[in-house]
Every structure is written in structure tokens, then in C-alpha cells.
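# Coordinates in review
Here are the chains, one letter per residue:
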Amino acid sequence: MRIILIFLCYNLSSSMSINKNHSQKNMNNKELKNLLKKSSLSITNPRIQILKILANINQPISIENIAEISKNSIAISTIYRVIADFLDSKIVKTFNSPDQKLLVELSTTNTLHHHHLYCESCEQAFDINLDSEMEIMIEKFIPIIEQIYKIKVTDHSFEIYGTCNGKGHLKN
């Protein structure tokens with residue numbers, strides 16, 4: 001059972017905030033519909049259902065888990081299409097687990113940078129914050145990499161593996 005720590009960083013060229021709280025409030029139907037309208041997406045039942053699931057779960061989730069939570073009332077193919085639309089409209093962010101399972105979460109306008117702890121045994125991802133010293137180290141390292149390899153870094157991902165004791169995930 002491995003645990004992976006995945007860093008998501010968006011728009012590195014702007015100033016990054018250190019250890020911002022990554023939280024998404026539950027959204028009501030009106031807010032969900034407004035989000036779709038602002039994104040120029042038509043309001044459909046599957047889109048509203050998936051947005052509700054993502055807002056309520058408040059952590060990255062797999063397509064399969066979205067289907068389970070919807071009690072399979074939304075076809076997997078529909079979920080993938082809706083998520084693709086949401087990605088194009090920047091409503092969601094995605095990343096892959098170590099076993100290449102697509103994980104999805106709502107984008108938040110107040111969070112540019114955050115981290116995930118992924119437990120491969122229970123296939124869950126959790127939002128976490130790193131120590132500010134670690135964040136500063138990463139920020140300082142990126143320009144060095146850019147200079148050495150002559151490439152503009154647009155995001156980054158670091159992986160840490162561990163084992164789960166099977167007793168659940170507790171916050172210390």
C-alpha cells in the first residue's frame with residue numbers, strides 16, 4: 001500500500017501563496033447553475049449532479065467513485081464527457097494516481113497551489129499543506145531547473161510513497 005504526495009501548481013509565473021487552506025464550500029443549486037452559465041455550459045441534470053458530488057465530497061475523487069455516489073444514475077461515458085467539458089471550462093482540475101486512475105476536484109478561485117496525499121490502498125486523495133520551508137525550497141529550485149534545462153516550468157509533481165496501516169487516515 002503506497003501513499004503518494006502530489007503537488008499541483010497552477011500559474012507558477014504569478015506569486016504563490018504558501019499553505020493556503022484548500023476548502024470548497026457546499027454549493028446550492030443556484031450557485032451550481034450560475035457556475036455553468038458563467039462557463040457558457042448548458043445546464044443539464046448530469047452536470048448539476050456531478051457538480052453537487054464534487055462540491056459535497058470536497059476532495060479529489062475518481063470517475064468510478066462519482067458513478068458510485070450517483071448510484072450509477074449517470075453513465076461512466078457521460079461522466080467522462082461532463083468532466084472533459086468542465087476541464088475545458090476550468091471548473092475542475094484533474095491528476096492521475098500512481099495507477100493512472102483519473103482523479104477530479106473542483107477548481108477554486110482562491111487557491112492557486114495545493115497538495116494531495118493519495119492512499120493507494122483505499123484509493124482516496126486528501127488535501128494537505130506542506131511546511132512553508134519546503135514550499136520556499138521548491139520555489140527556489142524551479143528557476144534552477146528552468147535554467148539548466150532551458151524549459152519553462154508550468155507545473156510540478158513530487159511523489160512520496162508510504163504504507164497505510166489499514167486503520168484509516170487520521171490527522172495529527
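Attention in this report is confined to the structure presented alongside it. (Residues numbered from 1 in each chain as written. Predicted model: local features only at pLDDT ≥ 70, side-chain atom pairs only at ≥ 80, totals over all residues. Heavy atoms only, no water.)

As enumerated under the stated definition, the model contains two salt bridges in all. When the shortest N-O distance is used, the salt bridge between Asp85 and Arg47 registers 2.6 Å. With Asp85 in helix α4 (residues 76-88) and Arg47 in helix α2 (residues 45-57), this pair connects stretches of sequence that are 38 residues apart. Glu146 is the partner of Lys152 in a salt bridge, and the nearest nitrogen-oxygen pair spans 3.5 Å. Look at Lys152 and you get exposed, because its relative accessible area is 55%. You can call Glu146 buried: its relative accessible area is 18%. (Salt bridge = Lys/Arg side-chain N within 4 Å of Asp/Glu carboxyl O. Helix = DSSP H or I, 4+ residues; strand = E, 2+ residues; numbered from the N terminus. Buried < 20%, exposed > 50% of the residue type's maximum accessible area, 1.4 Å probe, protein only.)

Let us now look at unusual backbone geometry. The phi angle at Asn72 is positive, at roughly 55°, despite the residue not being glycine. Here Asn72 is to be found in the loop between α3 (63-69) and α4. For Asn72, a relative accessible area of 58% puts it in the exposed group. At Gln100, a residue that is not glycine, the phi angle is positive and equals roughly 65°. Here Gln100 shows up in the loop between β3 (92-96) and β4 (102-106). By relative accessible area, Gln100 is classed as exposed at 58%.

Moving on to α2. Relative to the 18 Å expected for 13 residues at 1.5 Å per residue, α2 spans 18 Å between its end C-alpha atoms, a close match to the ideal helical length. Along α2, the residues classified as buried are Arg47, Ile48, Ile50, Leu51, Ile53, Leu54 and Ala55. Buried positions along α2 lie against α1 (29-38), β2 (61-62), α3, α4, β3 and β4. Just past α2, the residue Asn58 takes up positive phi, approximately 55°. (Expected span 1.5 Å × (residues − 1). Contact = heavy atoms within 4.5 Å.)

Walk down a regular strand and you will see the side chains alternate between the two sheet faces. Among the five residues of β4, four are classified as buried, and the element is accordingly described as predominantly covered. Two elements, β2 and β4, share two bridges in a ladder whose sense is antiparallel. By the bridge assignment for β4, Ser62 is matched with Leu103. Counting the residues between successive antiparallel strands, the hairpin from β3 to β4 contains five residues, one of them, Gln100, with a positive phi of roughly 65°. (Pairing = 2+ DSSP bridges.)

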